[in-house]
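# What the coordinates show
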Amino acid sequence: MIEKIPFLHRQKLYNIITEDDLPFKALHYIIDELIAQGVFQMEEGCAELFNVTFEEVRYTIGVDGVDVMIVAC
């Protein structure tokens, strides 16, 4: 079941949308990688896809504002 989960990271709230159980360590890593790429500075309504690999698992991530949809590939 897909859930939308509020997730606080570095004093900012993100909405994580995922069907998988992701460890907090992976979520923090993924969001840090997206921040480093400047993803959250893009305009809302312009959703884009990104790829992040964490501990040999590749994730495809869709970002629209603070909504972050994560799918393990």
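Residues numbered from 1 in each chain as written. Predicted model: local features only at pLDDT ≥ 70, side-chain atom pairs only at ≥ 80, totals over all residues. Heavy atoms only, no water.

To continue, consider a negative patch on the surface. Judged by side-chain charge, Glu3, Glu19, Asp20 and Asp21 come together as a negatively charged surface patch. Locating Asp20 in the fold gives a position in the loop between strand E2 (12-18) and helix H1 (24-36). (Patch = residues over 30% accessible without salt bridge, like charges linked within 9 Å, V, L, I, M, F, W, Y side chains within 5 Å. Areas by Shrake-Rupley, 256 points an atom, 1.4 Å probe, with all protein chains shown as cover. Salt bridge = Lys/Arg side-chain N within 4 Å of Asp/Glu carboxyl O. Lys, Arg positive; Asp, Glu negative; His and termini not counted. Charge placed at Lys NZ, Arg CZ, Asp CG, Glu CD. Helix = DSSP H or I, 4+ residues; strand = E, 2+ residues; numbered from the N terminus.)

Here the protein chain shows a mean pLDDT of 91. Residues at 70 or above account for 99%. Summarising per-element confidence for the protein chain, the mean pLDDT is lowest in strand E1 (residues 3-9) (90) and highest in H1 (96). (pLDDT = per-residue confidence, 0-100.)

Bringing the packing of aromatic side chains into the picture now. On inspection of all chains with the given rule, the structure shows 3 aromatic pairs. Centre to centre, the rings of Phe7 and Phe24 are 5.9 Å apart; their planes meet at 10 degrees, and the pair counts as stacked. With Phe7 in strand E1 and Phe24 in helix H1, the pair connects residues that are 17 residues apart, well separated along the chain. For Phe7, a relative accessible area of 7% translates into the label buried. Ring centres of Tyr29 and Phe54 lie 5.0 Å apart, and the angle between their planes is 40 degrees; this geometry places the pair in the tilted category. Residue Tyr29 is located in helix H1, and its partner Phe54 is located in strand E3 (residues 48-54); the two are separated by 25 residues in the primary sequence. (Phe/Tyr/Trp six-rings, centres within 6.5 Å; stacked < 30°, edge-to-face > 60°. Buried < 20%, exposed > 50% of the residue type's maximum accessible area, 1.4 Å probe, protein only.)

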